[in-house]
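If you want the building blocks of each chain, they are given just below.
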Amino acid sequence: MMTNTSLHKTVVVIPVYDHEHAIGAVVQAVLRQGLPCILVDDGSSVSCARVLQDIAAAHADRVTLLVHAVNQGKGGAVMTGMRHAAAAGYSHAFQIDADGQHDCDDIGRFVDASQETPGAVINGKPIYDESVPKGRLYARYLTHVWVWINTLSLDISDSMCGFRLYPLAPTVQLMSSAHIGRRMDFDTEILVRLYWRGLQVRNLPTRVRYPTDGVSHFRVWLDNALISRMHARLFAGMLVRAPLLLARRLRRLAGAA
């Protein structure tokens, strides 16, 4: 079981959109790790909203429920949760998906890594089982390549995993000063932009299975269009930042020599 300290106070943020069949088990797994939880109901159906209300009522001392009247997308929900967490005095936010694909037993390793390097993003590097759709697995590599181009590095192993731990102060500052995609483009864009701002990204392996409730909200045409536009936007940003990124890389290589 994890324990929070005054210097490193972590809360789990879970964006939820119609995952009423999986979210109860996810919350129970999080609470077993000893961390409080913020659920963000992102415009869910009446049945899912009722499940979330019941969970929050049953664990009123450890679960906070925030509600979007209209769906804003995964990124919008995560950002709402992180802003609330920062205002409530938390130093770090642990993002976890609501569909049960992540292994909450790995939470402790991520928190330990964050306590060692509190200014870093502790980023999940997925280890998939046989449940992963092969088409989706192969398609991820296109985003990986673009991220390596847009950071001029290989420092981000996987930018699409929704299991990661953020230091809240620089993340909320970024959200207030830059446009961040609010849907499936969120995970990649916020990680690249935090890297641009000098945050270290530590990649830790974590087991992932596809999803326990069989519900996916990935919209093939719209979300792929948003992701393509995001890569183009980040590429333009990289060109402006290229001298800085290259200088940072050279300093790191020199320090390692």
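See above for the structure.
Reading the values: rules and limits
Residues numbered from 1 in each chain as written. Predicted model: local features only at pLDDT ≥ 70, side-chain atom pairs only at ≥ 80, totals over all residues. Heavy atoms only, no water. Phe/Tyr/Trp six-rings, centres within 6.5 Å; stacked < 30°, edge-to-face > 60°. Helix = DSSP H or I, 4+ residues; strand = E, 2+ residues; numbered from the N terminus. Buried < 20%, exposed > 50% of the residue type's maximum accessible area, 1.4 Å probe, protein only. Lys NZ or Arg CZ within 6 Å of the ring centre and 35° of its normal. Core = buried A, V, L, I, M, F, W, Y, C linked by side-chain atoms within 4.5 Å. Contact = heavy atoms within 4.5 Å. Salt bridge = Lys/Arg side-chain N within 4 Å of Asp/Glu carboxyl O. Expected span 1.5 Å × (residues − 1). Arc of directions from axis to C-beta. Pairing = 2+ DSSP bridges. Patch = residues over 30% accessible without salt bridge, like charges linked within 9 Å, V, L, I, M, F, W, Y side chains within 5 Å. Areas by Shrake-Rupley, 256 points an atom, 1.4 Å probe, with all protein chains shown as cover. Axes fitted to C-alpha atoms, helices over the stretch in contact; angles between N-to-C directions. Parallel < 35°, antiparallel > 145°, perpendicular 65-115°, else oblique. Left-handed = near helix turned anticlockwise from the far one by under 90°. Nonpolar A, V, L, I, M, F, W, Y, C, P; charged D, E, K, R; others polar.

Asker: Tell me about the packing of aromatic side chains, and name the residues and values.
Answerer: We describe a pair of aromatic rings using the distance from one ring centre to the other and the angle between the two ring planes. Counted by the stated rule, this structure contains 4 aromatic pairs. Between Trp-146 and Phe-235, the aromatic rings sit 5.9 Å apart at their centres with planes inclined by 80 degrees, giving edge-to-face as the arrangement. Taken as a pair, Trp-146 in helix α5 (residues 134-151) and Phe-235 in helix α8 (residues 220-256) lie far apart in primary sequence, 89 residues in all. On the basis of relative accessible area, Trp-146 is assigned to the partly exposed category, the value being 28%. Linked through ring pairs, Phe-94, Phe-110 and Phe-163 together constitute an aromatic cluster. Above the face of the Tyr-90 ring, Lys-9 is positioned so that its terminal group lies 5.0 Å from the ring centre.

Asker: An account of the nonpolar core is needed here, citing residue identities and associated values.
Answerer: Soluble, globular proteins show a tendency: their nonpolar side chains are buried together. Residues Met-82, Phe-186 and Ile-190 are the most contacted members of the largest nonpolar core, which totals 36 residues. Those elements that provide at least two residues to this core are β1 (10-16), β2 (37-42), α3 (74-87), α6 (168-177), α7 (186-196) and α8. Among the elements that take part in this core, α7 stands out by supplying 7 residues, more than any other. Contacts of Met-82, omitting those with residues within four sequence positions, involve Val-13, Ala-93, Tyr-166, Leu-168, Thr-171, Val-172, Met-175, Phe-186 and Ile-190. Counting residues in each nonpolar core, the second largest holds 31 residues, with Val-27, Leu-35, Cys-37 and Phe-110 among its members.

Asker: Tell me what's going on with the environment of Asp-106, and back it up with residues and numbers.
Answerer: Note that Asp-106 resides in the loop between β4 (92-95) and α4 (107-116). Since its relative accessible area comes to 4%, Asp-106 is described here as buried. C-alpha separation for the pair Asp-106 and Phe-163, spaced 57 residues apart in sequence, amounts to 9.6 Å. Here Asp-106 is in contact with Phe-163, Pro-205, Thr-206 and Arg-207, once residues within four sequence places are set aside.

Asker: Which residues make up the environment of Leu-194, and what are the values?
Answerer: On the secondary structure map, Leu-194 appears in helix α7. Counting along the chain gives 23 residues from Leu-194 to Thr-171, while the straight-line C-alpha distance between them is 7.1 Å. What Leu-194 contacts, discounting residues up to four positions off in sequence, is Val-121, Tyr-166, Pro-170, Thr-171, Leu-174 and Leu-199.

Asker: Please give an account of the pattern of salt bridges that cites residues and values.
Answerer: Evaluated as defined, the whole model comprises 9 salt bridges. In this structure, Asp-155 and Arg-252 form a salt bridge, with 2.4 Å as the shortest nitrogen-oxygen distance. Placement of the pair is Asp-155 in the loop between α5 and β6 (164-167) and Arg-252 in helix α8, with a sequence separation of 97 residues.

Asker: So, helix α2 (residues 46-58): which residues are in play, and what are the values?
Answerer: Helix length check: α2, at 13 residues, gives a terminal C-alpha distance of 18 Å against a target of 18 Å (1.5 Å per residue), a fit within 8%. Along α2, the residues that are buried comprise Cys-48, Ala-49, Leu-52, Ile-55 and Ala-56. Buried residues of α2, viewed axially, fall in a sector of 120 degrees; they line one side. Among the exposed residues of α2, those pointing more than 90 degrees away from its buried face are Val-46, Asp-54, Ala-57 and Ala-58. As for α2, its buried residues are in contact with β1, α1 (23-32), β2 and β3 (63-68).

Asker: I'd like to hear about the environment of Ile-23, residue by residue, with values.
Answerer: Within the secondary structure, Ile-23 is located in helix α1. According to the relative accessible area criterion, Ile-23 is buried, its value standing at 0%. The spatial distance from the C-alpha of Ile-23 to the C-alpha of Leu-39 is 9.5 Å, given a sequence separation of 16 residues.

Asker: Any details on the pairing of strand β5 (residues 121-128)? Residues and values, ideally.
Answerer: The side chains of a regular strand alternate, first on one face of the sheet and then on the other. The sheet contact formed by β5 and strand β7 (residues 201-208) spans 8 bridges and is parallel. Counterpart to Ile-122 in the pairing with β7 is Arg-202. Bridging between β5 and β6 involves 2 bridges; their strand directions are antiparallel. Across the sheet, the residue bridging to Ile-122 is Leu-165, located in β6.

Asker: So, a nonpolar patch on the surface: which residues are in play, and what are the values?
Answerer: A surface patch of nonpolar side chains, about 310 Å² in accessible area, is lined by Val-145, Ile-149, Phe-235 and Leu-239. Of all elements in the fold, only α5 and α8 reach the threshold of two or more residues within the nonpolar patch.

Asker: Please set out the packing of α3 against α6 residue by residue, giving values where relevant.
Answerer: It is the contact of α3 with α6, at a shortest axis distance of 10 Å, that shows an interaxial angle of 125 degrees. Relative to α6, α3 is oriented oblique. α3 and α6 meet at a crossing whose hand is left-handed. Only Leu-168, Thr-171, Val-172 and Met-175 of α6 make contact with α3, whose side of the interface consists of Met-79, Met-82, Arg-83, Ala-85 and Ala-86. Among the residues making up the contact of α3 with α6, the classes are represented as 7 nonpolar, 1 polar and 1 charged.

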